[in-house]
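Residue-level listing of the chains:
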Amino acid sequence: MKLIRELWDSLIESLVGLGSVVRFLLRLVIEAPRALLRLDLISQQIYNSGSLSLVIIMLSGLFVGMVLGLQGFQLLQRFGSEEALGTAATIGLVKELGPVVTALLFAGRAGTALASELGLMRATDQLSAMEMMAVDPIRRVVVPRFLGGVIAMPLLAAIFSVIGIYGAQLVGVQIMGVDSGSFWSQMRSAVGLSDINEGIVKSCIFGVTCSLIAVYEGYYATPTAEGVGRATTRTVVTSAVVILFLDYLITAAFL
Amino acid sequence: MAIRKTRTLNLGTGMFVLLGFAALFFLTTQTTSRGISFASPPHYDLTAKFDNIGDLKVGAPVSMSGVEMGRVTKIAFDPKEYKAVVTLRLDARYNQIPTDSDAAIYTQGLLGGKFIGITAGGAETYLKDKDQIDFTQSAFVLENLIGQVLANFTKSSGQTSAAPDAKPAAPDAKPTEKSK
């Protein structure tokens, strides 16, 4: 009986959490058009979450692409169709690995930065001070960070995919000796715009998810050193689980 | 100082956004068949009618002696002859294909995609734009071949087991080998 009671309570608690995240998202969306007037704030946040994540995204993209080239070659060679390597690598990168790995890295690199920054602002009462000065901290601080992440994420995913394709090409064509012409021409005949679309839709949704979770955890962090730490951890863990879950849903929806 | 800092910041942001959109542009144009071709090279179209095209797709290569000369641009159906009408777009450089050449559908590798191979004939006149290749050979359909092999196999194994000199063998032994 007690167990059921506790389960019920935790269920209600998680529903409350979900509801408050969704309400926070609605608030951000309502404030977004006015925040768009302050393009300088947004561009600074694009720099923070986008440009500063470029190096890790490009390096990971290169290695993921190279591994894909190696593994794909090994597998396809058994069926005597190494030429399909370009198709396999591109579809894998554009539809799955690009958006998902980028989102996971983005949550680790940019999401934690956002959460700890906002958490520290909360802990040092900077957000309350803004409210005292009649500056809405959501509009001035949170929305630009959110929008910066939302804009940066699809671009990062696209860069990841392109670098990955070149990584696969490097291993497949330069090292393993797949014919470069059939690598590209088979890719072109097999990859459609709908595949690219799926990747773009995924990365946009992941961008919203990652940024939302990061700013939510940061904004509502417990105002202590420990609370900021916990907000950062929860950002990464929640983002990773939600991204992988959403990835399944979107893939199923696109089939 | 502050102005210079803003300037580098804007530069970094701008470069990132530019790179991102360049990547998106690359993905949409270079990895798909619907890419933007900046200058369409001179070409001419031929048609060929096949009984069965298998899984030939639009965009499949057209080659002669293994050299790619063009692509399949359209696949239609002729309701009068019940045949598939395939439109081939060939590069204008290769405009000396004899009129009695024949087109056949081949498979790349064992299970790869289909492509059209043209074998030159001996005529003195050459195919021109909108001409039709009259001699065609349909796609090799794996299912039909497997069906034939299976039919032969069951027929021959039926004969051997009915043969009077067949020894009673273990039930999983191959009957065709036994008869030799």
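Residues numbered from 1 in each chain as written. Chains lettered and ligands numbered in written order. Predicted model: local features only at pLDDT ≥ 70, side-chain atom pairs only at ≥ 80, totals over all residues.

Colleague: Is there a simple way to explain the overall build of chain B in this structure?
Modeller: Secondary structure summary: chain B contains three helices and eight strands in total. Helices and strands in chain B line up, N terminus first, as α-β-β-β-β-β-β-β-β-α-α. Counting the 180 residues in chain B, one finds 18% classified as buried. Looking at chain B alone, contacts between residues at least 24 apart form 58% of all its contacts between residues at least 6 apart. (Helix = DSSP H or I, 4+ residues; strand = E, 2+ residues; numbered from the N terminus. Buried ≥ 20, exposed ≤ 12 C-beta atoms within 10 Å, placed from the backbone. Contact = placed C-beta atoms within 7 Å.)

Colleague: How should the interface of chain A and chain B be read in this particular structure?
Modeller: The interface of chain A with chain B comprises 27 residues on the first partner and 25 residues on the second. The set of elements that each furnish at least two residues to the side of chain A that touches chain B consists of helix 2 (39-49), helix 4 (85-123), helix 6 (137-175), helix 7 (180-190) and helix 8 (193-219) of chain A. Partitioning the side of chain A that touches chain B into residue classes produces 15 nonpolar, 10 polar and two charged. (Nonpolar A, V, L, I, M, F, W, Y, C, P; charged D, E, K, R; others polar.)

Colleague: Whenever I open this one, the sheet that holds strand 6 (residues 114-119) of chain B confuses me. Can you help?
Modeller: Sheets are built from strands paired through backbone hydrogen bonds, the pairs being either parallel or antiparallel. Residue and element names in this part refer to chain B. Judged by pairing direction, the sheet is mixed, and its eight strands sit side by side in the order 7-1-4-3-2-6-5-8 without closing on themselves. The open sheet terminates on both sides in strands that have one partner only, identified here as strand 7 (131-133) and strand 8 (135-137). Looking at each pair of strands side by side, their axes are set apart by 30 degrees on average, direction ignored. Taken together, the eight bridges between strand 3 (residues 67-78) and strand 4 (residues 83-91) define a ladder with antiparallel strand orientation. Looking across to strand 4, one finds that Lys74 is bridged to Thr87. (Pairing = 2+ DSSP bridges. Axes fitted to C-alpha atoms, helices over the stretch in contact; angles between N-to-C directions.)

Colleague: Would you take a moment to explain the packing of helix 3 (residues 54-78) of chain A against helix 4 of chain A for this structure?
Modeller: Between two packed helices, the angle of one axis relative to the other and the distance separating the axes together describe the packing. All names here are of chain A. As a packed pair, helix 3 and helix 4 sit with axes 10 Å apart at the nearest point and diverge in direction by 145 degrees. Crossing hand, helix 3 versus helix 4: right-handed. The segment helix 3 lies against helix 4, with Ile56, Ile57, Ser60, Val64, Gly65, Leu68, Gly69, Gly72, Phe73 and Leu76 engaging Leu85, Ala88, Ala89, Gly92, Leu93, Leu97, Val101, Thr102, Leu105 and Arg109. Classifying every residue of the contact of helix 3 with helix 4 gives 13 nonpolar, six polar and one charged. (Left-handed = near helix turned anticlockwise from the far one by under 90°.)

Colleague: Hey, could you run me through helix 3 of chain A in this one?
Modeller: Since the α-helix turns once every 3.6 residues, residues separated by three or four places project in the same direction. Residues and elements named next belong to chain A. An ideal rise of 1.5 Å per residue puts 36 Å on 25 residues; helix 3 measures up with 36 Å between its terminal C-alpha atoms. Those residues of helix 3 that sit buried are Ile57, Gly61, Val64, Gly65, Met66, Leu68, Gly69, Gly72 and Phe73. Of the residues trailing helix 3, Gly80 is marked for its positive phi of about 65 degrees. (Expected span 1.5 Å × (residues − 1).)

Colleague: Would you explain the pairing of strand 1 (residues 43-50) of chain B in this entry?
Modeller: Looking along a regular strand, one sees the side chains alternate between the two faces of the sheet. All names here are of chain B. Pairing of strand 1 with strand 4, which is carried by eight bridges, proceeds in the antiparallel orientation. Its bridge partner lying in strand 4, Lys49 is registered against Val85. Relative to strand 7, strand 1 runs parallel, the two being bridged by three bridges. Following the sheet pairing, Leu46 is matched in strand 7 by Asp131.

Colleague: How should I be thinking about the environment of Tyr82 of chain B in this particular structure?
Modeller: Residue and element names in this part refer to chain B. Structurally, Tyr82 can be placed in the loop between strand 3 and strand 4. Owing to 9 C-beta atoms within 10 Å, Tyr82 belongs among the exposed residues under this scheme. Linking Tyr82 and Asp51, residues 31 residues apart in sequence, is a C-alpha distance of 7.5 Å.

Colleague: Would you take a moment to explain helix 6 of chain A for this structure?
Modeller: All names here are of chain A. Relative to the 57 Å expected for 39 residues at 1.5 Å per residue, helix 6 spans 54 Å between its end C-alpha atoms, a close match to the ideal helical length. Residue Val143 marks the point of greatest curvature in helix 6, where the axis turns by about 35 degrees; the proline Pro144 follows within four residues. Of all the 39 residues making up helix 6, 32 are buried; the element is thus mostly covered by neighbouring parts of the structure. The positive-phi residue at the C-terminal boundary of helix 6 is Gly177, with phi of around 85 degrees. (Bend = angle between axes of the 7 residues up to and from the residue.)

Colleague: Any chance you could explain the confidence of the model for chain B here in plain terms?
Modeller: Detailed reading of predicted coordinates is not advised where the pLDDT is low. All names here are of chain B. Scored by pLDDT, chain B comes out at a mean of 78, with 79% of its residues at no less than 70. The spread of mean pLDDT over the elements of chain B runs between helix 3 (residues 175-178), the lowest at 44, and strand 4, the highest at 89. Here residues 162-171 is a poorly scored stretch, pLDDT under 50, and it has seven contacts once near neighbours within four places are set aside; other chains count. Two summary scores accompany this predicted model of the complex, namely pTM at 0.70 and ipTM at 0.75. (pLDDT = per-residue confidence, 0-100.)

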